[in-house]
Amino acid sequence: PSQASQSTMSRSTLDTLEIWKSEFTSAKGKTLSLESDLMTAMADQGVISKRIASSAFFEALVLRGKGLVTVRQDKPYAPITVQAKATLFTAILTE
């Protein structure tokens with residue numbers, strides 16, 4: 001993504017981007033579960049509140065729209081998985 005598209009990200013999206021970059025780096029490129037991996041990383045003391053769940057889902061869609069991740073759900077109500085694209089690690093972090 002260009003610097004212009006990065007500059008349109010909210011503070012919340014930028015915070016999520018930093019957390020998820022760390023999680024994907026630790027996972028060494030593996031696909032991660034939105035709920036068990038990424039929401040847990042965003043949660044206070046490991047408790048996934050409705051606010052965290054809705055925020056993580058929203059941010060997954062925002063980051064997908066920016067071309068930074070791939071989001072997949074095989075069927076309704078199935079787990080949602082997220083995979084980092086190379087652009088996630090080179091994203092310019094600005095408000």
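Our subject is the structure listed above.
Residues numbered from 1 in each chain as written. Predicted model: local features only at pLDDT ≥ 70, side-chain atom pairs only at ≥ 80, totals over all residues. Heavy atoms only, no water.

Caption draft 1: Examining the overall build of the protein chain more closely. Broken down by element type, the protein chain carries five helices and three strands. Put simply, the protein chain has 95 residues, and 32% of those count as buried. Within the protein chain, contacts between residues at least 6 apart in sequence are counted, and of these 54% link residues at least 24 apart. Carbon and sulfur atoms form 54% of the exposed surface of the protein chain, whose accessible area is close to 5,800 Å². (Helix = DSSP H or I, 4+ residues; strand = E, 2+ residues; numbered from the N terminus. Buried < 20%, exposed > 50% of the residue type's maximum accessible area, 1.4 Å probe, protein only. Contact = heavy atoms within 4.5 Å. Areas by Shrake-Rupley, 256 points an atom, 1.4 Å probe, with all protein chains shown as cover.)

Caption draft 2: Structural context of the pattern of salt bridges. Across all of its chains, the model carries two salt bridges by this definition. Aspartate 15 is the salt-bridge partner of arginine 11, the closest N and O atoms lying 3.1 Å from each other. Of this pair, arginine 11 and aspartate 15 both sit in helix 2 (residues 11–26), four residues apart, which is roughly one turn of the helix. Owing to a relative accessible area of 42%, arginine 11 belongs among the partly exposed residues under this scheme. Accessibility expressed as a relative area gives 38% for aspartate 15, which makes it partly exposed. Here arginine 72 ties to aspartate 74 by a salt bridge, and the two come within 2.6 Å at their closest N and O atoms. By the burial criterion, arginine 72 is exposed, and aspartate 74 matches it. (Salt bridge = Lys/Arg side-chain N within 4 Å of Asp/Glu carboxyl O.)

Caption draft 3: Fine view of the pairing of strand 3 (residues 80–84). As paired elements, strand 1 (residues 32–33) and strand 3 share two bridges and run antiparallel to each other. Within strand 3, the residue paired with serine 33 across the bridge is threonine 81. By the bridge criterion, five bridges tie strand 2 (residues 69–73) to strand 3 in an arrangement that is antiparallel. Note on strand 3: the bridge partner recorded for glutamine 73 is isoleucine 80. Counting the residues between successive antiparallel strands, the hairpin from strand 2 to strand 3 contains six residues, one of them, tyrosine 77, with a positive phi of roughly 70°. (Pairing = 2+ DSSP bridges.)

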